[in-house]
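Per-entry structural report
Residue-level listing of the chains:
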Amino acid sequence: MNDRVDTPTPKTVHLALQGGGAHGAFTWGVLDALLLDGRLQFAGISGTSAGALNAVALAHGWARAQDEGDDPAEGARASLANLWAKVMEMGSLGEGPARLGRLMMGVLPGALTRVSPYLANPLDHNPLRSLIEREIDFDRLARLKSPRVFVAATDVETGRAEIFSGKRLTAQAVMASCCLPQLFQAPVINGRRYWDGGYSANPALGPLVELGETRDILLVQINPLKRSDSAISEAQITDRINDLTFNASLIAQMRTIALINELVAHCVAREGLQPIHMHRIDGGASLADMPASSKVTPQRATLEKLFELGQDSAKRWLKRHQASVGEKSSINLQRDYGDALKLAFEAADNDAAELSGDDADTPLARFLWSPEEQARAADAASAAVAQAVRAAAQGSDGRPAPDARADASTAAPT
């Protein structure tokens, strides 16, 4: 039954889907609710790791239904549901949920194994690859004009993000985006090896800005910007390192967008440059309270709960912020991701609707950062960004690469 809202003039947005292992079921719920609602249409979808899986599943279902004369949104919902049903089936077989979760990018890999995957898994067995090859028609995706799909992976040699789209978007590219290097051999594409895209672009926003068609980008964020615990125990430390590592590239891109918007607002940007409207759906405290280890346990009950949480979060966002699309950003970039010039956080205000989580029932204090927390988070994120920049500027021998300039197709917009 088709229960979608009948809207004659849907607003156009780009989707940016962050990776987060089994927590990608939250994104599945968000996408299902947006497709069912029908008030938004998608021009571009950028996904990394689990976000890449969701991106190609949505686009596959959309393209197939469109070719067959059916409702594309319903086709996309069915494709997403089918993919996650297969994930749940795989999680209940063989070696159990943990192995499958690792395939889909989970906790920071240092705690998972001390044996090289080239020794532990010499045949490079990866059941997720077989699932993707069987369920996704990449030839059909290559012909799809809208929405355009972009998948990010990290070049092992340079540390730079590589974006796969169009005919270059294959099952191997998706597996590259999902590859945790301590668990699986690096997929090789045209002679180059790739690791998880979360290290360099989680997700990549540059391709969406360059694509045009709309100035609005809706981010589905899985990795929390903050946690309420003090990160003292081994598990808490691992969780926080995981968050900082896989949010670092996003924070850098968000700071760049904040700078662009500030330049436009002060009329000092180049002619023709327009502000970028950023929006975000996340699970707020509900996801922040889940340990990173839950990303590697795709049990049916957990995935179904995350799916429902995603649906509810999307519905709340639509109720509060859908009217902002096409008009303005619905998040405060300077406050949530740090000032692009000062690399520091502004003090949070008391507007519950503007806080990082969308859960109105969560106490306001859960989302407020103390000045000490703001300073520590800003310093940690800045250090991570600086380290990534240094790595990208060096070749495999440790010396500066002949051309250390960022690839315009993968860097944050400038």
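In this report, the structure presented in the accompanying data block is examined. (Residues numbered from 1 in each chain as written. Predicted model: local features only at pLDDT ≥ 70, side-chain atom pairs only at ≥ 80, totals over all residues. Heavy atoms only, no water.)

1. Some remarks on the pattern of salt bridges
A side chain with one charge can pair with a side chain of the opposite charge if their charged atoms come near. Enumeration according to the criterion identifies 13 salt bridges in this entry. Residues aspartate 137 and arginine 140 are paired through a salt bridge, measuring 3.6 Å at the closest nitrogen-oxygen approach. Classification of arginine 140 as buried rests on a relative accessible area of 17%. Each member of the salt-bridge network shares a partner with another, and the members are Arg280, Asp282, Arg335 and Asp336. (Salt bridge = Lys/Arg side-chain N within 4 Å of Asp/Glu carboxyl O. Buried < 20%, exposed > 50% of the residue type's maximum accessible area, 1.4 Å probe, protein only.)

2. A word on the packing of aromatic side chains
Counted according to the given criterion, the structure contains 3 aromatic pairs. Consider the rings of tryptophan 28 and tryptophan 84, whose centres lie 5.9 Å apart with planes at 5 degrees: the pair is stacked. Separated by 56 residues along the polypeptide, tryptophan 28 in helix α1 (residues 24–37) and tryptophan 84 in helix α3 (residues 72–91) bring together distant segments of the chain. Note on tryptophan 28: relative accessible area 8%, which makes it buried. Judged by its relative accessible area of 1%, tryptophan 84 falls in the buried class. An aromatic cluster is built from Trp28, Trp84 and Phe307, whose rings are joined through pairwise contacts. (Phe/Tyr/Trp six-rings, centres within 6.5 Å; stacked < 30°, edge-to-face > 60°. Helix = DSSP H or I, 4+ residues; strand = E, 2+ residues; numbered from the N terminus.)

3. Side note on the side chain of threonine 154
Tracing the chain through its elements places threonine 154 in strand β3 (residues 148–155). One polar contact links threonine 154 to serine 200, side chain to side chain, over a distance of 2.7 Å. In contact with threonine 154, other than residues within four places in its own chain, are Gly159, Arg160, Arg193, Tyr194, Trp195, Asp196, Gly197, Tyr199 and Ser200. (Polar contact = N/O pair within 3.5 Å; in protein donor to acceptor, adjacent residues only side chain to side chain. Contact = heavy atoms within 4.5 Å.)

4. Points about unusual backbone geometry
Cis geometry is adopted by the peptide bond preceding proline 147, which originates at serine 146 and carries an omega value of 0 degrees. Of note, proline 147 is situated in the loop between α7 (138–143) and β3. Looking along the chain, the bond that leaves asparagine 202 and enters proline 203 is cis, with omega of -5 degrees. In this structure, proline 203 sits in the loop between β6 (192–196) and α9 (206–211).

5. A few points about the packing of α1 against helix α2 (residues 50–67)
Their axes nearest at 9 Å, the elements α1 and α2 cross at an angle of 30 degrees. When the interaxial angle is binned, α1 and α2 end up roughly parallel. Seen from above, α1 lies across α2 with right-handed handedness. Taking contact as the criterion, the partners of Gly24, Thr27, Trp28, Leu31 and Leu35 in α1 are, on α2, Ala50, Asn54, Leu58 and Trp62. Within the contact of α1 with α2, the residues separate by chemical class into 6 nonpolar, 3 polar and no charged. (Axes fitted to C-alpha atoms, helices over the stretch in contact; angles between N-to-C directions. Parallel < 35°, antiparallel > 145°, perpendicular 65-115°, else oblique. Left-handed = near helix turned anticlockwise from the far one by under 90°. Nonpolar A, V, L, I, M, F, W, Y, C, P; charged D, E, K, R; others polar.)

That is the geometry; function is a separate question.
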